[in-house]
Amino acid sequence: MEAQDIPALPRGVRLHFDRVRDTWVLLAPERAVTLDGVGHAILNAVDGTRRFEEIVDHLAESFGAPQEQISSDSSGFLDALRDRRFLDVVS
Amino acid sequence: MKIPPPIAMLAELTHRCPLSCPYCSNPLELTRLDQELDTQTWARVFREAAGLGVLQLHLSGGEPASRRDLEELVTAARDAGLYTNLITSGIGLTEKRLQTLDAAGLDHVQLSLQGTNPEMADEIGGYKGGFKRKMQVATWIGQIGFPLTLNAVLHRRNLHQLPRAIEMAVEMGARRIEVATVQFHGWALKNRDAFMPTRAQAQEATQIVAEARKSLKGTLVIDYVPADYHDDYPKRCMGGWGTSGLNVAPDGQVLPCHAAQTIPHLEFDRVQDKPLQEIWYKGSAFNAYRGTDWMPEPCQSCDRKTVDFGGCRCQAMAIIGDPNATDPVCIKSPHHGALQQQANTHAVQVDAPLNYRAQPQRGVVQAD
């Protein structure tokens, strides 16, 4: 994920709160990915307009964590979703 | 063992289908139209499923588009909060119906592919003009923007078309292709002579998939179901019996997998009689092969026993007549050698005819 990339959830991929398991999940075609707090926070910041660098700024501020660490964690997470076609990138 | 809630439900809305693919996974005894669950019952089952923890709903059949209330059923599924997937051959869908399904909130379409050209596809599907119609439907799906998975069912007759099937998925804008080598259940059991891939074909398919996964990374996701009889270890059927998914048959019987009715000692509850929650947690069919306590040797002492859970119960039933036995695909099964030999024999029956799937008998209510 590059600083200028704009990640977006494509049609058919959405966040869902699973009441039975008491957790957030990402629903995608024929798949459901259980999200931890960090994963949920990252995807909550993905709105299809913010650039990746802005998302990192936002998360670093809300978690009070170093930019570098947030950047590498979120980048890995989003890239993995992208490889599975659960995430699009507009650059 | 703590029983987890199910993630996925396959709703077999009907056994009716315009196609008659010889590898159909429907049971040999097909449900008639007048025995199918009505709209309101399905809607209740969807709500019960969501309450039970189901996230993914697969609307299947037969051909689900053969149900005139498909649009209503999609609305009911989305209202229940389910991610709604339509598994279809495309036949019976029109542009207008697809637009209505879009408005109803349908999340995803899985389109089957019987072959990559009309000659192959129409022969396998037993439906002239089917391929052309399917391509038209694929165009509409793309125009509307539904996320699409192409499901290519492959066997000895069409495995050479695998590279083209992958190209077609990319051309259609599919995000995913399921490369599914025929699994021998249901009607496919009658067609092992016609469909059993050769060992060389099975190996080539694995290689093609591995290469395509690399070259199409980020463009197309490939899910692969390899040829079964040629493997050394069995598949983890249904992700483990009664752990992640359930099927509801057109007449309301709730099954741990779609072939479960081939196991004679199992009894199935019906959604008309009991809540889904009770069926999932307490039903005798679901508890029959849950966990590992039921396992015989060599499974019981095997380090793979929680990897594949002894493989497929229906396959053990079909091949050696014992649903409690180790899946004969497993190299540790005393029947493994015989099965491999049997597979090789099936694979050389070059002139084997296709035994097409029948259609459900018509009951007192006339089918449309």
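Residues numbered from 1 in each chain as written. Chains lettered and ligands numbered in written order. Predicted model: local features only at pLDDT ≥ 70, side-chain atom pairs only at ≥ 80, totals over all residues. Heavy atoms only, no water.

Draft legend 1. Expanded view of the overall build of chain B. Broken down by element type, chain B carries 13 helices and nine strands. A compact globule built from 368 residues would reach a C-alpha radius of gyration of about 21 Å, and chain B, at 20 Å, matches this within 12%. Judged by the C-alpha coordinates and their principal axes, chain B covers about 55 × 45 × 45 Å. The burial tally for chain B puts 60% of its 368 residues in the buried class. Of the contacts made within chain B by residues no fewer than 6 positions apart, 74% connect residues no fewer than 24 positions apart. For chain B, the exposed area adds up to about 14800 Å²; of that, 51% sits on carbon and sulfur atoms. Charged side chains of chain B number 37 positive and 40 negative; the gap between the two group centres comes to 2 Å. (Helix = DSSP H or I, 4+ residues; strand = E, 2+ residues; numbered from the N terminus. Rg over C-alpha atoms; globule rule 2.2 N^0.38 Å. Buried < 20%, exposed > 50% of the residue type's maximum accessible area, 1.4 Å probe, protein only. Contact = heavy atoms within 4.5 Å. Areas by Shrake-Rupley, 256 points an atom, 1.4 Å probe, with all protein chains shown as cover. Lys, Arg positive; Asp, Glu negative; His and termini not counted. Charge placed at Lys NZ, Arg CZ, Asp CG, Glu CD.)

Draft legend 2. Summary view of the environment of Arg11 of chain A. As for its placement among the helices and strands, Arg11 of chain A is situated in the loop between strand E1 (6-8) and strand E2 (14-18). Separated by 76 residues in the primary sequence, Arg11 of chain A and Leu87 of chain A place their C-alpha atoms 9.5 Å from one another. Arg11 of chain A has contacts with Asp102, Leu106, Ile144, Gly145, Phe146, Pro147 and Arg175 of chain B, leaving out every residue within four places of it along the chain. Within the structure, Arg11 of chain A has its side chain in polar contact with the side chain of Asp102 of chain B (distance 2.6 Å). Among the polar contacts listed, one links the side chain of Arg11 of chain A to the backbone oxygen of Ile144 of chain B, at a separation of 3.1 Å. (Polar contact = N/O pair within 3.5 Å; in protein donor to acceptor, adjacent residues only side chain to side chain.)

Draft legend 3. Summary view of the interface of chain A and chain B. In this assembly, 20 residues from chain A lie in contact with 34 residues from chain B. Regarding the contact of chain A and chain B, the summed buried area is about 2000 Å², with carbon and sulfur atoms giving 48% of it. By the criterion of area lost to chain B, the three top residues of chain A are Arg11, Glu30 and Arg85 of chain A, representing 38% of everything that side buries. As a salt-bridge pair, Asp83 of chain A and Lys217 of chain B come within 3.6 Å of each other at their nearest N and O atoms. Summed over the shared surface of chain A and chain B, the result is 16 residue pairs in polar contact (both at pLDDT 80 or more). For the side of chain A that touches chain B, a count of residues per class yields eight nonpolar, two polar and 10 charged. (Buried area = accessible area lost by both parts, 1.4 Å probe. Salt bridge = Lys/Arg side-chain N within 4 Å of Asp/Glu carboxyl O. Nonpolar A, V, L, I, M, F, W, Y, C, P; charged D, E, K, R; others polar.)

Draft legend 4. Expanded view of the pattern of salt bridges. All names here are of chain A. One pass over the full model with this rule turns up 25 salt bridges over all chains. A salt bridge links Asp47 to Arg50; its shortest N-O distance comes to 3.5 Å. Relative accessible area serves as the criterion here: at 41%, Asp47 is assigned to the partly exposed category. We classify Arg50 as partly exposed; its relative accessible area is 25%.

Draft legend 5. The packing of helix H1 (residues 37-45) of chain A against helix H2 (residues 52-63) of chain A, seen in detail. Residue and element names in this part refer to chain A. Relative orientation of the contacting elements H1 and H2 amounts to 135 degrees, with a least axis distance of 10 Å. Comparing the axis directions of H1 and H2 gives the class oblique. The interaxial crossing formed by H1 with H2 has right-handed handedness. Every residue of H2 that contacts H1 at Ala41, Ile42 and Ala45 is listed here: Ile55, His58, Leu59 and Phe63. In terms of residue class, the contact of H1 with H2 is built from six nonpolar, one polar and no charged. (Axes fitted to C-alpha atoms, helices over the stretch in contact; angles between N-to-C directions. Parallel < 35°, antiparallel > 145°, perpendicular 65-115°, else oblique. Left-handed = near helix turned anticlockwise from the far one by under 90°.)

Draft legend 6. Up close: the sheet that holds E2 of chain A. Residue and element names in this part refer to chain A. On the basis of which strands lie adjacent, the open sheet formed by three strands has the order E2-E3-E4 and antiparallel pairing. Looking along the sheet, the strands with just one partner apiece sit at the ends: E2 and strand E4 (31-34). The sheet shows a mean angle of 35 degrees between the axes of neighbouring strands, taken without regard to direction. Relative to E4, strand E3 (residues 23-28) runs antiparallel, the two sharing four bridges. The partner of Leu26 across the bridge, within E4, is Val33. (Pairing = 2+ DSSP bridges.)

Draft legend 7. Main features of the packing of H2 of chain A against helix H3 (residues 67-83) of chain A. Residues and elements named next belong to chain A. Between H2 and H3, whose axes approach to 9 Å, the crossing angle comes to 125 degrees. Compared by their axis directions, H2 and H3 come out oblique. Helix-helix and strand crossings are classified by hand; for H2 and H3 the assignment is right-handed. Here Phe52, Val56, Asp57, Leu59 and Ala60 of H2 come into contact with H3, specifically with Gln67, Ile70, Ser71, Ser74, Ser75 and Leu78.

Draft legend 8. Local environment of the sheet that holds strand E4 (residues 108-113) of chain B. Residue and element names in this part refer to chain B. What the nine strands build is an open sheet, ordered E7-E6-E5-E4-E3-E2-E1-E8-E9; its pairing is mixed. Both outer strands of the open sheet, strand E7 (221-225) and strand E9 (254-255), are each paired with one neighbouring strand and no more. Pairing between strand E1 (residues 8-12) and strand E2 (residues 56-60): five bridges, direction parallel. Paired with Ala8 across the strands is Gln56, a residue of E2. Lying over the sheet, helix H2 (residues 70-79) contacts E2 and strand E3 (83-88), oriented at roughly 150 degrees with respect to E3.

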